[in-house]
Amino acid sequence: MKLKLLTIFYLLRYSLRRLPASREALDVWQERRIGKFVKQMAQRAPFYAAKVAQYGDWRAFPPINKALFMEHFNEINTCGIDREQAMEVAMNAESGRDFSPTLNGITVGLSTGTSGNRGLFLASTKERAQWVAAIFLKVLKPWRWRRQVKVAFFLRANSNLYNAVESKVVQFQFYDLLRPVSALLADLALFQPDVIVAQPSMLLLVAGAVEAKTLRIQPGRIISVAEVLDPETEARLTQIFQQQIHQVYQCTEGFLACTCDEGTLHVNEDFVKIEPHWIDEEKTRFQPIITDFTRTSQPVIRYLLNDVLVARQTPCPCGSPFMALERIEGRMDDVFLLLDRQGRERTVFADFIRRAVVRASEGILEYQVIQTSYSKLLVQVELSAERNLELVNKAIFSSFEQMVKELDISPISLEIVEGIPPLGANKLRRIRRDFTLDNASQNDT
Ligand SMILES: [Zn+2]
């Protein structure tokens, strides 16, 4: 079929091409690519034509966010697709759990917005083939197995994307996150996967069963997707599976980064440029401004994502010139807004909150911290059997007190409860902000 042939074409093309080996050469190469890309898109998308007319150089375009991207859906997409029509097609597909809707031959998808602001995305057959080729070459690397690789894929919905490329090289099995965990684990035991692709919260459940010896599998590669992989989870998974945990960082706006053999996350700079929008004075954390210079059906040019990324300060030993990331920390709208001693708003990044919980007690197996107002946090914990709740509570209180002192902020009150509501098919956000301000300057990007 068409997708399969195109995928093979891009697999060959990507594996044969030669990319610039130095940072300087890569910058020159990217500039040229993006310049050409923007020019072409301006001829096809009125939104970008107007930007070029107003600002000239694409580097001067003000970043757009999701709200703007959706508002101008009709003037941004180059397939002549109308937003209302696309939305209807995508919604109908979702309710019928048929996840392969197309419009004028273009795949239409809905992104999982948590705030009621769901995004619509489009992908042509060519773009899907490019994506599959990139995932194969950068992540699955099927040649390593020298036989058909069995990939267990946990996701919210079955995707015709993968089925289309099933072959003698790769066999996919899908695990619908809406099914009970026990059934998923039983299937996993039968399938005996070489590769497991799942979000960290699911990987932890699989790891737990492996540790308890109720599940016997020997996967050769573990790939974490969709949720933040925090250091504690990574350490636990590494220990149980006895291997490095790999990551894929992607969103509806594109396949953005993945880990190299050293375990470092590198931006896929062969097709995406990320400009950092710094959000702290020390310039360690940033929101990415992305430009994908291969996607043409719905061009993404200087798009501000609301994720918080941490820059890597040292070069990766693998020698890749592609931008390296220390980690993905979460979403911008989960950054806590606490008050300083003068009552002014103060942003506190997830890492501080995570450390406050983790250092309190080794008996905390799982946790979630939810900010419910400027001065109130709800801490939900799951404790190991031998731990005394009262003692752990005390330790959490004093750990947060210490954090308040270190950050020099106003006192906060904690409510600590035992037990965490089941996730279902939702993404795990251990550090979550559940209140917005009335004078909301927050824009949902
Ligand atoms: Zn590397």
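Caption draft 1: Expanded view of the coordination of the zinc ion. The protein atoms donating to the zinc ion are Cys 260 (SG), His 266 (NE2), Cys 316 (SG) and Cys 318 (SG), with metal-donor distances spanning 2.1 to 2.3 Å. Its four donor atoms give the zinc ion angles of 103 to 115 degrees at the centre, a pattern that matches the tetrahedral case. Mapped onto the sequence, the donors of the zinc ion take the spacing C-x5-H-x49-C-x1-C. Residue His 266 is found in strand β10 (residues 265–267), and its partner Cys 318 is found in the loop between β14 (307–311) and β15 (324–331); the two are separated by 52 residues along the sequence.

Caption draft 2: View of empty space enclosed by the protein. On inspection of all chains with the given rule, the structure shows two cavities of 30 Å³ or more. Taken as a whole, the largest cavity holds about 70 Å³ of empty space. Around the largest cavity sit 13 residues that line it, and Phe 69, Leu 120, Phe 121, Thr 252 and Glu 253 are the ones nearest its centre. Only α4 (66–71), β3 (120–123) and β13 (300–304) provide two or more residues apiece to the lining of the largest cavity. The leading source of residues in the lining of the largest cavity is α4, at three residues. Its residues placed into classes, the lining of the largest cavity shows six nonpolar, four polar and three charged. Each of domain 1 (2–123) and domain 2 (138–330) accounts for three or more of the residues forming the lining of the largest cavity.

Caption draft 3: Fine view of the pairing of strand β19 (residues 376–383). By the criterion of burial, β19 is predominantly enclosed, with six of the eight residues buried. In the sheet, strand β18 (residues 364–373) pairs with β19 via eight bridges, with the strands oriented antiparallel. In the strand pairing of β19, Gln 368 is matched with Gln 380. Taken together, β18 and the strand that follows it, β19, pair antiparallel across an intervening segment of two residues. In the sheet, β19 pairs with strand β20 (residues 413–418) via six bridges, with the strands oriented parallel.

Caption draft 4: Focus on the packing of helix α12 (residues 350–358) against helix α13 (residues 389–407). Here α12 crosses α13 at 145 degrees, and the two axes come no closer than 8 Å. Pair α12 / α13 crosses with right-handed handedness. Of α13, the residues touching α12 (which contributes Phe 352, Ile 353, Ala 356 and Val 357) are Ser 399, Phe 400, Met 403 and Leu 407. Taken together, the residues of the contact of α12 with α13 sort by class into seven nonpolar, one polar and no charged.

Caption draft 5: View of the sheet that holds strand β21 (residues 431–433). Pairing is mixed in the open sheet, where four strands are placed in the order β20-β19-β18-β21. With partners counted over all chains shown, the strands left at the sheet margins are β20 and β21, one partner each. Between one strand axis and the next, the sheet turns by 20 degrees as a mean value, whatever way the strands run. Sheet topology note: the β18/β21 ladder contains three bridges and is parallel. Within the sheet, the bridge partner assigned to Val 369 lies in β21 and is Ile 431. Sheet strands touched by α13: β18, β19 and β20. Its angle to β20, the strand with the most contacts, is close to 150 degrees.

Caption draft 6: Seen up close, the domain arrangement of the chain. Under the domain assignment, the chain is made up of domain 1 (2–123), domain 2 (138–330) and domain 3 (335–433). Put simply, the middle of domain 1 and the middle of domain 2, counted by C-alpha atoms, are 21 Å apart. With 45 residues of domain 1 at the contact, the number on the domain 2 side is 35 residues. For the domain 1 and domain 2 pair, buried surface summed over both sides reaches about 3400 Å², with 61% attributable to carbon and sulfur atoms. For the interface between domain 1 and domain 2, the tally reads two salt bridges.

Caption draft 7: View of the packing of aromatic side chains. With the rule as written, the count across this model stands at 13 aromatic pairs. Ring geometry for Phe 9 against Tyr 10: centres 5.0 Å apart, planes inclined by 75 degrees, an arrangement best described as edge-to-face. The interplanar angle of 45 degrees and the centroid separation of 5.8 Å between the aromatic rings of Tyr 10 and Tyr 14 together place this pair among those described as tilted. Here Tyr 14 and Tyr 10 lie together in helix α1 (residues 2–16), a separation of four residues that amounts to about one turn. Exposure remark for Tyr 10: the relative accessible area of 5% places this residue in the buried category. The exposure class assigned to Tyr 14 is buried, which follows from its relative accessible area of 14%.

Calculation notes
- Residues numbered from 1 in each chain as written.
- Predicted model: local features only at pLDDT ≥ 70, side-chain atom pairs only at ≥ 80, totals over all residues.
- Heavy atoms only, no water.
- Donors = N, O, S within 2.8 Å, 3.2 Å for Na, K, Ca; no water.
- Tetrahedral: all angles 85-135°; square planar, octahedral: opposite > 155°, others 65-115°.
- Helix = DSSP H or I, 4+ residues; strand = E, 2+ residues; numbered from the N terminus.
- 1 Å grid on protein atoms, 1.4 Å probe; cavity = no way out; pocket = protein on both sides within 12 Å on 5 of 7 lines; lining within 4 Å.
- Points joined across faces, edges and corners; volume = space filled by probe spheres on them.
- Nonpolar A, V, L, I, M, F, W, Y, C, P; charged D, E, K, R; others polar.
- Domains from an automatic or database assignment.
- Buried < 20%, exposed > 50% of the residue type's maximum accessible area, 1.4 Å probe, protein only.
- Pairing = 2+ DSSP bridges.
- Axes fitted to C-alpha atoms, helices over the stretch in contact; angles between N-to-C directions.
- Left-handed = near helix turned anticlockwise from the far one by under 90°.
- Contact = heavy atoms within 4.5 Å.
- Buried area = accessible area lost by both parts, 1.4 Å probe.
- Salt bridge = Lys/Arg side-chain N within 4 Å of Asp/Glu carboxyl O.
- Phe/Tyr/Trp six-rings, centres within 6.5 Å; stacked < 30°, edge-to-face > 60°.

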